[in-house]
Amino acid sequence: MAAKNTMRLDKLLTMLGEGTRAQAKDYVRAGRVTVNGVPARDSGMQVDAENARVCLNGRALEYKAVRHVMMNKPQGTLTTARDKRQKTVMDLLPPLYAAMDCMPAGRLDKDTEGLLIITSDGQLAHRIISPKKDVTKVYFARVDGVLDESDIAAFAAGLHIKDSDGEFDARPAGLEIVSTDGQTSEVRVRVSEGKYHQVKRMLASRGAPVVYLKRLQIGALKLDPALEPGQWREMTDEEAELLEQEANDA
Ligand code: URA
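Residues numbered from 1 in each chain as written. Predicted model: local features only at pLDDT ≥ 70, side-chain atom pairs only at ≥ 80, totals over all residues. Heavy atoms only, no water.

Participant: Explain the overall build of the chain here, please?
Facilitator: Helix and strand counts for the chain come out as seven helices and 17 strands. Projected onto its principal axes, the C-alpha coordinates of the chain cover approximately 70 × 40 × 30 Å. Taking all 250 residues of the chain together, 46% fall into the buried category. Taking the contacts inside the chain whose residues are at least 6 apart along the sequence as the reference set, 66% of them involve residues at least 24 apart. Put simply, the chain shows about 13200 Å² of open surface, and 47% of that area lies on carbon and sulfur atoms. Between the mean site of the 36 positive side-chain charges and the mean site of the 37 negative ones, the chain shows a separation of 7 Å. (Helix = DSSP H or I, 4+ residues; strand = E, 2+ residues; numbered from the N terminus. Buried < 20%, exposed > 50% of the residue type's maximum accessible area, 1.4 Å probe, protein only. Contact = heavy atoms within 4.5 Å. Areas by Shrake-Rupley, 256 points an atom, 1.4 Å probe, with all protein chains shown as cover. Lys, Arg positive; Asp, Glu negative; His and termini not counted. Charge placed at Lys NZ, Arg CZ, Asp CG, Glu CD.)

Quick look at the structure:
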């Protein structure tokens, strides 16, 4: 039989989205919380998270063992769980996600926007970003410069990158030229690895430095176009399914 998922009541209330641990303690103290119909007196009591019926002000709370978030990461935020000085993507989410040990699956640069997966399933996060698995990522970029067929061919053949950050052979990648005004261009790049500043370095190596970068897709999972930068939502069951498949197939 699977081990019971028991935890302190105040922790569980936080994981159910009902504020911080301190607020959860206050709710219990004020007699606003019941567990299986009985008013809770001790916020440290052990509760079976999956089976107990926990109510706040008479309203039953829904427990989810796993949560997956889709975020449109805004520019100016770090993709780390915590930072003393700078704003991170976790600061954009209510405390429940930190309480569930949610973590970003992969990184975007501070100035990159777009699709970021944040999940409480650490194993899934690692499977998605593992260098051994070649999950495809699609980016939209605005670059200084004009790209042409020779750049598309060079991307497809696999670029050799040598710059101030080091040297590596990039795997064959897709480059699609969306538009150009003769000075700048808009492109789509499809890569199956995640080296440091990969897309920026690939485009810079063709004389087209990136001025704006946004991730559109990870595997089959696409950024919801309704999400503005800084907005997020939990994934639908279908999206969560796609994510699981991606992690398994990869
Ligand atoms: N490639 C980059 O250069 N930056 C990102 O943030 C993601 C991919």
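Participant: Help me understand the sheet that holds strand E3 (residues 38–39), please; the structure alone is not making it clear to me.
Facilitator: Hydrogen bonds along the backbone pair up the strands of a sheet, which may run parallel or antiparallel. Pairing in this open sheet of four strands is antiparallel, and the strands run E3-E2-E5-E6 from one edge to the other. Every other strand in the sheet has two partners, leaving E3 and strand E6 (59–60) as the edge strands with one partner each. Two strands pair when backbone bridges link them, and strand E2 (residues 33–35) and strand E5 (residues 54–56) are joined in this way by three bridges, in the antiparallel orientation. Paired with valine 35 across the strands is valine 54, a residue of E5. (Pairing = 2+ DSSP bridges.)

Participant: Looking at this structure, I do not really get the pairing of strand E7 (residues 68–73). What am I missing?
Facilitator: Moving residue by residue along a regular strand, the side chains alternate between the two faces of the sheet. For E7, the tally of buried residues reaches six of six residues, placing the bulk of the element in the interior. In this structure, E7 lies alongside strand E17 (residues 232–234), joined through three bridges in antiparallel fashion. Residue pairing for E17: valine 69 is matched across the bridge by glutamate 234.

Participant: Before we go on, may I ask you to explain the site of the ligand in this structure?
Facilitator: Taken together, Leu108, Asp109, Thr112, Tyr139, His197, Gln198, Val199, Lys200 and Leu213 make up the full set of residues adjacent to the ligand. Here the ligand has 230 Å² of accessible area as a free molecule, and 94% of this is covered by the chains. Across the shell around the ligand, the residue classes tally to four nonpolar, three polar and two charged. When we break the shell around the ligand down by domain, the ones giving at least three residues each are domain 2 (68–129 + 224–248) and domain 3 (136–218). (Near = heavy atom within 4 Å. Nonpolar A, V, L, I, M, F, W, Y, C, P; charged D, E, K, R; others polar. Domains from an automatic or database assignment.)

Participant: Looking at this structure, I do not really get the packing of aromatic side chains. What am I missing?
Facilitator: Think of a pair of aromatic rings as described by two things: how far the centres are apart, and how the planes are tilted against each other in angle. Overall, the coordinates contain two aromatic pairs when judged by the stated rule. Taking the centre distance of 5.3 Å and the plane angle of 75° together, the rings of tyrosine 97 and tryptophan 232 count as edge-to-face. Taken together, the residues span a long stretch of sequence, with tyrosine 97 in helix H3 (residues 95–99) and tryptophan 232 in strand E17 at a distance of 135 residues. You can call tyrosine 97 buried: its relative accessible area is 3%. (Phe/Tyr/Trp six-rings, centres within 6.5 Å; stacked < 30°, edge-to-face > 60°.)

Participant: It is not clear to me how the domain arrangement of the chain should be interpreted in this structure. Could you clarify?
Facilitator: Many analyses report the size of an interface as the accessible area lost when the parts associate. Domain boundaries assigned for the chain yield domain 1 (6–60), domain 2 (68–129 + 224–248) and domain 3 (136–218). Measuring from the centre of the C-alpha atoms in domain 1 to the corresponding centre in domain 3 gives 50 Å.

Participant: How should the environment of glycine 76 be read in this particular structure?
Facilitator: Summarising the element assignment, glycine 76 is placed in the loop between E7 and H3. Along the primary structure glycine 76 and valine 33 are separated by 43 residues, whereas in three dimensions their C-alpha atoms are 39 Å apart. Not counting residues up to four positions away in its chain, the partners in contact with glycine 76 are Lys87 and Lys110.

Participant: Can you help me understand helix H4 (residues 122–129) in this one?
Facilitator: In an α-helix there are 3.6 residues to a turn, and that puts residues three or four apart on one side. Looking at H4, one finds that the buried residues are Gly122, Leu124, Ala125 and Ile128. Relative to the axis of H4, the buried residues are bounded by an arc of 160° and lie together on one face. Those residues of H4 that are exposed and angled more than 90 degrees off the buried face are Gln123 and His126. In the core, the buried residues of H4 are packed alongside E7, strand E8 (103–104), strand E9 (113–119), strand E15 (210–218) and helix H7 (237–249). Two to three positions downstream of the cap, the backbone nitrogen of glutamine 123 sits 3.2 Å from a side-chain oxygen, assigning the N-cap of H4 to aspartate 121. (Arc of directions from axis to C-beta. Polar contact = N/O pair within 3.5 Å; in protein donor to acceptor, adjacent residues only side chain to side chain.)

Participant: Teacher, can you tell me more about the pattern of salt bridges here?
Facilitator: Side chains that differ in charge, positive against negative, can pair when their charged atoms come close. Using the criterion set out here, one finds 16 salt bridges in the structure. Glutamate 234 is the partner of lysine 64 in a salt bridge, and the nearest nitrogen-oxygen pair spans 2.8 Å. A residue pair is termed long-range when its members are at least 10 positions apart, and lysine 64 in the loop between E6 and E7 and glutamate 234 in strand E17 qualify at 170 residues. A salt bridge links glutamate 234 to arginine 67; the nearest nitrogen and oxygen atoms lie 2.7 Å apart. (Salt bridge = Lys/Arg side-chain N within 4 Å of Asp/Glu carboxyl O.)

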